[in-house]
Structure formats: structure tokens, C-alpha cells
Amino acid sequence: MALSRDTVVETATRILREYGLGDLTMRRLARELGVQPGALYWHVASKQDLLVAVTESLMDTLPVHDDAAGLGDWLASTLLPVPDAADVVRVALAWRPEVVSALAAFEELAGAAGVGAGVAVRQAWARGALDLVLGAVADHQEGTRAAAARETEAPAVEHALERVREAMARWARA
């Protein structure tokens with residue numbers, strides 16, 4: 001198999017899905033790909049660059065939504081099965097926010113709904129909406145890990161999605 005950026009990102013996304021962010025190291029990724037760690041840097045500049053690319057991969061099927069609640073629901077449903085996905089998206093927001101397609105989609109919805117008097121207000125609204133969803137995803141995933149450690153029943157994914165739906169509906173009315 002020829003090493004390419006797509007192969008590196010696909011393998012990193014698989015490791016993230018299976019093991020979480022703590023196990024997604026450049027050494028592990030290289031070992032999985034059968035290359036030396038240095039070979040990865042021909043395709044990604046850094047671990048942050050890799051996480052930005054993984055975020056793009058996670059959101060590459062972002063459908064058009066008519067409302068923030070629908071977008072929040074899609075995003076939560078997409079990220080909940082991926083351990084530590086909220087943290088990965090937050091890395092992308094810090095390093096290259098323009099590639100986080102959900103942020104741009106929230107901003108478009110804010111503009112269409114007439115939120116705020118200018119671009120800065122719409123951007124703040126969009127970032128707040130995205131942070132709300134990422135927080136719900138992270139809370140649910142941590143609750144699931146805590147339940148496993150305590151050997152108790154994990155919170156239902158549907159509860160997390162319902163919290164996102166309710167919060168996004170309130171957020172959209174604000």
C-alpha cells in the first residue's frame with residue numbers, strides 16, 4: 001500500500017474510533033501503517049495538522065440543514081460514536097477553524113435567521129452553538145467511561161441527543 005495523506009488520515013481516524021485520542025500517537029500510526037514515524041511528516045506537518053485532517057474527515061458528509069437543532073443533532077450523532085471527537089474538533093478550531101464545516105454551517109444558519117447585527121455576532125453565536133454540541137458530546141462520552149469504570153449502566157446515547165436537541169432549540173430562539 002502506497003502511503004498517502006488520505007491513507008494516513010483514514011488510519012488515524014480508525015485508531016481514534018477504536019481506541020480514542022490517547023492511543024492516537026504518531027508512533028502508533030506509523031506502526032499501523034508499517035512505516036517509520038518520520039515518513040508521516042511527508043503527509044502531515046504535525047499531530048495538530050493530523051487532527052485537523054481527521055476533523056475534516058469526520059465532517060465531510062455534512063448535509064444542509066434548515067435549522068440549528070437539526071445541525072446540532074447531526075453533529076452530535078456523528079461525533080458520539082467516536083471517542084474524544086469533541087477534543088479533536090476543538091484542536092481543529094484552535095489551529096484551523098475554517099476547516100470545521102459545522103462552524104460555517106452554524107454561521108450560515110445564524111445569518112439566515114437574522115441573528116445579530118453583524119458578522120461578529122453571527123460568528124459568536126455559531127461558535128456558542130458548536131461549543132454547546134461539543135460539550136454535550138464530551139459530557140456523554142466521559143459519563144460512559146465513568147460508568148464503565150464504576151461498572152454501572154452507561155447513559156443512553158438518546159439522552160445525549162435529546163439534550164442537544166432541546167438546547168439547540170432554545171439556542172436558536174435566543
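Because the structure is a prediction, the values reported are computed rather than measured.

Caption draft 1: A look at the overall build of the protein chain. A count of helical and extended segments in the protein chain gives 9 helices and 0 strands. Beginning at the N terminus, the succession of helices and strands in the protein chain can be written as α-α-α-α-α-α-α-α-α. Rg of the C-alpha trace for the protein chain: 17 Å, near the compact-globule value of 16 Å for 174 residues, within the 12% margin. For the protein chain, the residues scored as buried account for 41% of the 174 residues in total. Look at the contacts in the protein chain between residues 6 or more apart in sequence, and 65% of them connect residues 24 or more apart. On the protein chain, roughly 9000 Å² of surface is accessible, and the fraction owed to carbon and sulfur atoms is 53%. Both charge centroids of the protein chain, one from 17 positive and one from 24 negative side chains, sit 5 Å from each other.

Caption draft 2: Focus on the environment of A30. If you trace the backbone, A30 turns up in helix α2 (residues 26–33). C-alpha separation for the pair A30 and D139, spaced 109 residues apart in sequence, amounts to 31 Å.

Caption draft 3: Examining helix α6 (residues 85–95) more closely. Every buried residue of α6 is accounted for by A85, A86, V88, V89, A92 and L93. Summarising the axial view, the buried residues of α6 lie within an arc of 160°, below the 170-degree limit, and thus occupy one face. Facing away from the buried side of α6 by over 90 degrees, the exposed positions are A94 and W95. Taken together, the buried residues of α6 touch α1 (5–19), α4 (47–58), α5 (68–79), α7 (101–112) and α8 (119–150).

Caption draft 4: Layout of the packing of α7 against α8. Where α7 meets α8, the axes come as close as 8 Å, and the angle between the chain directions of the two elements is 125°. Overall, the two elements α7 and α8 adopt an arrangement that is oblique. In this structure, α7 meets α8 at a crossing whose hand is right-handed. Of the residues in α8, those touching α7 at A102, L103, F106, E107, A110 and G111 are V119, R122, Q123, W125, A126, R127, A129, L130 and V133. For the contact of α7 with α8, the class distribution of residues is 10 nonpolar, 2 polar and 3 charged.

Caption draft 5: Quick look at the pattern of salt bridges. One pass over the full model with this rule turns up 8 salt bridges. In this structure, E32 and R28 form a salt bridge, with 3.4 Å as the shortest nitrogen-oxygen distance. Placement of both E32 and R28 in helix α2 is noted, with a separation of 4 residues, approximately one turn of the helix. When the shortest N-O distance is used, the salt bridge between R145 and E142 registers 2.9 Å. Of this pair, R145 and E142 are both found in helix α8, 3 residues apart, which corresponds to roughly one turn of the helix. One network of salt bridges, with partners in common, ties together R14, E18, R28 and E32.

Caption draft 6: Quick look at the side chain of D49. Looking at the element boundaries, D49 is found in helix α4. Since its relative accessible area comes to 17%, D49 is described here as buried.

Caption draft 7: Spotlight on the side chain of R28. In this structure R28 comes out as buried when scored by relative accessible area, which is 14%. Each residue touching R28, except ones within four places of it in the same chain, is listed here: I15, Y19 and D23.

What counts and what doesn't
Residues numbered from 1 in each chain as written. Predicted model: local features only at pLDDT ≥ 70, side-chain atom pairs only at ≥ 80, totals over all residues. Heavy atoms only, no water. Helix = DSSP H or I, 4+ residues; strand = E, 2+ residues; numbered from the N terminus. Rg over C-alpha atoms; globule rule 2.2 N^0.38 Å. Buried < 20%, exposed > 50% of the residue type's maximum accessible area, 1.4 Å probe, protein only. Contact = heavy atoms within 4.5 Å. Areas by Shrake-Rupley, 256 points an atom, 1.4 Å probe, with all protein chains shown as cover. Lys, Arg positive; Asp, Glu negative; His and termini not counted. Charge placed at Lys NZ, Arg CZ, Asp CG, Glu CD. Arc of directions from axis to C-beta. Axes fitted to C-alpha atoms, helices over the stretch in contact; angles between N-to-C directions. Parallel < 35°, antiparallel > 145°, perpendicular 65-115°, else oblique. Left-handed = near helix turned anticlockwise from the far one by under 90°. Nonpolar A, V, L, I, M, F, W, Y, C, P; charged D, E, K, R; others polar. Salt bridge = Lys/Arg side-chain N within 4 Å of Asp/Glu carboxyl O.

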